[in-house]
Amino acid sequence: MSPGEPARDPSLSGWRARTRPAAVALVLHGGAQYGVDAVRPWRPAYLRMVPIARAVWAAGAAHGLEVRMLRNRVRGWNEPDRHPVEDARWALRRIRDERPGLPVVLVGHSMGGRVALRVCDDPAVTGVCAFAPWTPEGEPVEPVTGRRVLLAHGVLDRVTRPVDSYRYARRADARAAGLARFDVTAESHALLRRRSVWNRLAAEFAVQTAGLLPEHGLLAGAFGRAAPERYELPL
């Protein structure tokens, strides 16, 4: 084991469906560019996604949606190791083993959004919802091929730049099965000012993309808008 290699395993927890399982949502938390310290369950980046995971489960549990929440081994992206990408692929393998054949929807924030966009080429994944995603210049768009993609960014975000996710949307649009991006007003990186909006976006995207409910709510008509309007929908 190399000096900076994590010695622990990732953690996968979650909530079961109230009826026969029909789909799974995997929730991915944020982190940092570098860092090999352990992700504890009380870290803000992890805790931030718990209400979102619960909102997704509340919207879909009666329709067969299960929710899994990944806790990474370490907090950093850690190029070139990309530890959270390894952890997400580990989680997807676990889900495929437990629920073979079921569609998987990814929901991620910040670094977790970047991870979700990287690993959505997994054969089980049908769509990815990325909030305030970390999408630096040159971030590959090939993984989203054939997937439904929702991006949303707070206009006051100073941690990950809204302009970067806008540029990513423009580049990824031709590959995705459908793509929409929202500008969330009066919101910063932490997703704390308009919590109900983030919860609704994640929940509605998950149940609709998994095919459990028809298009409705905040996403009604969003994916059918013309480009470039579809890349900066106000919310």
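Just above, that's the structure.
Residues numbered from 1 in each chain as written. Predicted model: local features only at pLDDT ≥ 70, side-chain atom pairs only at ≥ 80, totals over all residues. Heavy atoms only, no water.

Participant: So, the side chain of Glu187: which residues are in play, and what are the values?
Facilitator: Looking at where Glu187 falls in the secondary structure, it is placed in the loop between β7 (178-184) and α6 (195-209). Notably, Glu187 is buried but unbridged: the nearest opposite-charge side chain belongs to Arg193, and the N-O separation is 4.7 Å. Among the polar contacts made by the side chain of Glu187, one reaches the main-chain amide nitrogen of Arg193 at a distance of 3.2 Å. Of the polar contacts made by the side chain of Glu187, one reaches the backbone nitrogen of Arg194; its length is 2.9 Å. Those residues in contact with Glu187 that sit more than four places away from it in its chain are Gly154, Val155, Leu156, Asp157, Leu192, Arg193, Arg194 and Trp198. (Helix = DSSP H or I, 4+ residues; strand = E, 2+ residues; numbered from the N terminus. Buried < 20%, exposed > 50% of the residue type's maximum accessible area, 1.4 Å probe, protein only. Lys, Arg positive; Asp, Glu negative; His and termini not counted. Salt bridge = Lys/Arg side-chain N within 4 Å of Asp/Glu carboxyl O. Polar contact = N/O pair within 3.5 Å; in protein donor to acceptor, adjacent residues only side chain to side chain. Contact = heavy atoms within 4.5 Å.)

Participant: How would you sum up the environment of Leu213? Please name residues and give values.
Facilitator: Take Leu213: it is sitting in the loop between α6 and β8 (233-234). Residue Leu213 is classed as partly exposed on the basis of its relative accessible area, which comes to 27%. Sequence spacing of Leu213 and Ala59 is 154 residues, and the spatial spacing of their C-alpha atoms is 9.9 Å.

Participant: Could you give an account of the packing of aromatic side chains, with specific residues and numbers?
Facilitator: Both the distance between ring centres and the angle between the ring planes are used here to describe each pair of aromatic rings. Taken as a whole and judged by the stated rule, the model has three aromatic pairs. Here the aromatic rings of Phe131 and Trp198 are separated by 4.8 Å at their centres, their planes lie at 65°, and the arrangement is edge-to-face. Here Phe131, found in strand β5 (residues 125-131), pairs with Trp198, found in helix α6; they are 67 residues apart in sequence, far enough to count as distant. Across this residue pair, the class does not change: Phe131 and Trp198 are buried. For the ring pair Tyr166 and Tyr231, a centre distance of 6.1 Å and an interplane angle of 80° mean the geometry is edge-to-face. One end of the pair, Tyr166, is in helix α5 (residues 162-172); the other, Tyr231, is in the loop between α6 and β8, with 65 residues separating them in the sequence. According to the relative accessible area criterion, Tyr231 is buried, its value standing at 6%. Taking the ring centre of Trp134 as reference, the NZ or CZ of Arg114 above it sits at 4.2 Å. (Phe/Tyr/Trp six-rings, centres within 6.5 Å; stacked < 30°, edge-to-face > 60°. Lys NZ or Arg CZ within 6 Å of the ring centre and 35° of its normal.)

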